[in-house]
Structure formats: C-alpha cells, structure tokens
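# Survey of secondary and tertiary structure
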Amino acid sequence: MLSIKKPTLIVNEQVCRNNILRMVQKASEQNIELRPHFKTHQSHAIGTWYREKGIKGITVSSFGMAEYFAEAGWNDITVAFPCNINEVDTVNELANKIELRILVSNDQIIKRLGDTLSSKVKVYIEIEEGGGRTGFDVNDIELIEHSIEEIEKSDYLEFYGLYCHAGRTYACQNAEEVKELSHAVLQSLSLLKLHLINNYGQIKLCYGDTPSFSILKEFNGVDEISAGNYVFYDVMQAELGSCSINDIAVALASPVVSIHYNKEEVCIYGGAVHLSKDKSMS
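These numbers were taken from a predicted model, which means no experiment stands behind them.

Quick notes on the rules
- Residues numbered from 1 in each chain as written.
- Predicted model: local features only at pLDDT ≥ 70, side-chain atom pairs only at ≥ 80, totals over all residues.
- Heavy atoms only, no water.
- Axes fitted to C-alpha atoms, helices over the stretch in contact; angles between N-to-C directions.
- Helix = DSSP H or I, 4+ residues; strand = E, 2+ residues; numbered from the N terminus.
- Parallel < 35°, antiparallel > 145°, perpendicular 65-115°, else oblique.
- Left-handed = near helix turned anticlockwise from the far one by under 90°.
- Contact = heavy atoms within 4.5 Å.
- Nonpolar A, V, L, I, M, F, W, Y, C, P; charged D, E, K, R; others polar.
- Salt bridge = Lys/Arg side-chain N within 4 Å of Asp/Glu carboxyl O.
- Buried < 20%, exposed > 50% of the residue type's maximum accessible area, 1.4 Å probe, protein only.
- Phe/Tyr/Trp six-rings, centres within 6.5 Å; stacked < 30°, edge-to-face > 60°.
- Lys NZ or Arg CZ within 6 Å of the ring centre and 35° of its normal.
- Patch = residues over 30% accessible without salt bridge, like charges linked within 9 Å, V, L, I, M, F, W, Y side chains within 5 Å.
- Areas by Shrake-Rupley, 256 points an atom, 1.4 Å probe, with all protein chains shown as cover.
- Core = buried A, V, L, I, M, F, W, Y, C linked by side-chain atoms within 4.5 Å.

Right, let's get into the packing of helix α6 (residues 141-153) against helix α7 (residues 175-200). It is at 12 Å that the axes of α6 and α7 come closest, and there the two elements cross at 40°. The angle between the axes of α6 and α7 places the two elements in the oblique class. Two packed elements cross with a definite hand, and for α6 against α7 that hand is right-handed. Contacts from Ile141, Ile144, Glu145, Ile148, Glu149 and Glu152 in α6 reach Leu192, His195, Leu196, Asn199 and Tyr200 in α7. Residue classes in the contact of α6 with α7 are distributed as six nonpolar, two polar and three charged.

Inspection of the entire model under this criterion finds 15 salt bridges. Salt-bridge contacts for arginine 168 lead to glutamate 129; the nearest nitrogen and oxygen are separated by 2.7 Å. Linking arginine 168 in the loop between β8 (157-164) and α7 with glutamate 129 in the loop between β6 (121-128) and β7 (136-137), this pair joins segments that are 39 residues apart in sequence. Take glutamate 129: its relative accessible area is 12%, and that puts it in the buried class. Here lysine 193 and aspartate 223 are joined by a salt bridge, their closest N and O atoms 2.8 Å apart. Pair noted here: lysine 193 is in helix α7 and aspartate 223 is in the loop between α8 (210-215) and β10 (224-225), with a separation of 30 residues, a long-range link. Through salt bridges with shared partners, a single ionic network connects Glu33, Arg35, Asp76, Glu99, Arg101, Lys122 and Glu224.

Our next topic: helix α4 (residues 88-95). Of all the eight residues making up α4, six are buried; the element is thus mostly covered by neighbouring parts of the structure. Each element contacted by the buried residues of α4 is listed here: α3 (63-70), β5 (99-104), α5 (108-116) and β6.

With that settled, consider the packing of aromatic side chains. What the rule picks out here adds up to eight aromatic pairs. Ring centres of tyrosine 68 and phenylalanine 69 lie 4.9 Å apart, and the angle between their planes is 85°; this geometry places the pair in the edge-to-face category. Among the residues examined, phenylalanine 69 registers a relative accessible area of 0% and is labelled buried. Geometrically, the ring pair formed by tyrosine 124 and tyrosine 163 is edge-to-face, given 5.7 Å between the ring centres and 70° between the ring planes. With tyrosine 124 in strand β6 and tyrosine 163 in strand β8, the pair connects residues that are 39 residues apart, well separated along the chain. Per residue, the accessibility class of tyrosine 124 equals that of tyrosine 163, and both read buried. Ring pairs connect the aromatic residues Phe38, Tyr50, Tyr68, Phe69 and Trp74, which therefore count as one cluster. Here the guanidinium or amino end of lysine 26 rests over the ring plane of phenylalanine 213, the centre of that ring lying 5.7 Å away. For arginine 51, the ring lying beneath its charged end belongs to tryptophan 74, and the centroid distance is 4.1 Å.

What follows concerns the side chain of serine 190. The residue serine 190 is located in helix α7 in this model. Those residues within four positions of serine 190 in sequence are excluded, and the remaining contacts are Asn220 and Gly221.

The next subject is a nonpolar patch on the surface. A grouping of Val256, Ile259, Tyr261, Val266, Ile268 and Leu275 is seen on the molecular surface, where their side chains present a nonpolar patch of about 590 Å² in accessible area. Broken down by secondary-structure element, the contributors of at least two residues to the nonpolar patch are β12 (256-260) and β13 (265-268). Mapping isoleucine 268 onto the fold places it in strand β13. Overall, the relative accessible area of 33% leaves isoleucine 268 in the partly exposed class.

Right, let's get into the environment of leucine 240. With respect to the helices and strands, the residue leucine 240 is situated in helix α9 (residues 235-240). Here the alpha-carbon distance between leucine 240 and valine 178, two residues 62 residues apart in the chain, equals 8.4 Å.

This part takes up the nonpolar core. Within the largest apolar cluster, 79 residues are counted, with the highest numbers of intra-cluster contacts made by Leu100, Ile125 and Ile127. Broken down by element, the residue count for this core peaks at eight residues, all from α7. The residues touching isoleucine 127, leaving out its near neighbours within four places in the chain, are Phe136, Val138, Ile144, Leu162, Tyr163, Cys164, Leu189 and Leu192. With six residues, the next largest nonpolar core counts Leu103, Tyr160, Tyr163 and Cys206 among its residues.

In contact at an axis separation of 10 Å, helix α1 (residues 13-29) and helix α2 (residues 44-52) are set at 45° when each is read in the N-to-C sense. It follows that α1 is oblique to α2 by the angle criterion. In the crossing of α1 with α2, the sense of the turn from one axis to the other is right-handed. Each of Glu13, Cys16, Arg17 and Ile20 in α1 lies in contact with α2, whose residues at this interface are Ile46, Trp49, Tyr50 and Glu52. Here the contact of α1 with α2 is composed, by residue class, of five nonpolar, no polar and three charged.

Function cannot be read off these values alone, since they describe shape.
Listed below in structure tokens is the structure:
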C-alpha cells in the first residue's frame, strides 16, 4: 500500500500503454497519421511510449510545451493554439531547429507573421465548426481563400492544411450523439477541403477530439488525427461511450483527513484544483 500524504497522481502504465497502442493501430487501419496531443500528459516519459510505437509527429498547446518536447528530441511539432505574435522570437527559435506547424485563426495575424518571421513554418488554417471556438467559420470560404493567398505571399509561411477540434462532442450524452455530430462536422470539413484542393492543390485535414476518434469507425477526408485525452481517459469519457472504466489509466489518490459518521461523509485532502470541477452525467 502506498503511503499517501497529499494528493498524488497515479498512472497505470500498462493501461496507458494499451490505450496508446489501440489508437495507433486504429489510425494505421484508417490510413491516417496520428499526431497525438500531448497537452493531456505533458510527460517526457509517456512521450517515449508513443515513440516506441512509431509516432514521429506530435501536437501541443503552447510554444513553451513545444520547447519542452523539442528538448526531448521531438522534431515535428504542431502548436494547436492560435499563434501569439508576442512569441515570435520563440517561434523563430523553434522553427530553426524543428519542423514547426502553427495555427492561424484570423487573417490579420498572417501579415504580421510574414513580416516578423525569419524561419519557415507550416501553417494550418483553424476551422471553427459551430462550438464557439477560435477559427474561421467553415462556411466563410471567401475569407479562408483570402487568408491562404496571404500565406502564400510570404517567404516564411507555407500553407499546409486545415485544423479543426470538434470540442462539442464532449457535451454529447452518448455515443450516438457523438456519431451524429461528428459525421455532420466531417461532411462540412470534407466539402471545404475538396473545394480548396481544386484551387490550391493537395492539402491536409487535421481533426481531433477523443470522443469522435474513439467512437467513429471511419474518418472520410481526414489525413491526421490530433486527439489526446484517450491516453488517460476519464469517467466522463466512459459514460459517453468513448471507453470502458477499465481503460481509465489515471487516478488521484487523496488522503482522508476526517470522517463524519453521523452525516455519512468524509473530508479528503483534495479539492477542485486537484480533481477539477467536471461532473459525472449520472
């Protein structure tokens, strides 16, 4: 028995490795490149478990996180957050050492990047699919095309493709809702991709969220998947149908500091900061 003195994160290595292997195999069967999102684990050690399964390109959520994993030898990294022009020095430093992919979520940032970059980067146009996230509206083809043309004017920006995180799937109540929502989003993205291919040549579509990647059987039009939560999973994902309880690879051990028998309650050393404020649906 572990001696737990304060809230302690516990990872079941075998379950975690099984989750990684299952998703690597699924992506391979679908002929899709898996570029796992490392923001969930943020761990050099867990990163090596991916590398052992042949993963070469990864996704992170900040340039600081990109630096962290670049130091561990990862040299193909997507920063899946709208590019912050105030970090252009870091962008240049990273792009000089690794293949760096960035996201742009509006047309104003493109010219500023073109004027301040000194190293080449690949650019995804971020697409917003109705969930209120950042990005270009999937139906605003004129603005998307204008932005691509601005990217292609720069010596340091290379238009690479479209990036979309369908975060609305996390609010679904069951697997059928995830399928229905995801199919609608993927249809819109595929139509946009086909239209752009006719005008700009071959482009990539990167898509990523754990519920859809776990539940869907096919990903028509998708070239890359950047989901990440599946490495650990959680109770909400199990209730949604993304996984089983036995697939959850992480837990928080919190000491019991007080027992109130009359109220049938216990007080633990572990609050919202440690456990998050997510609630079970049941």
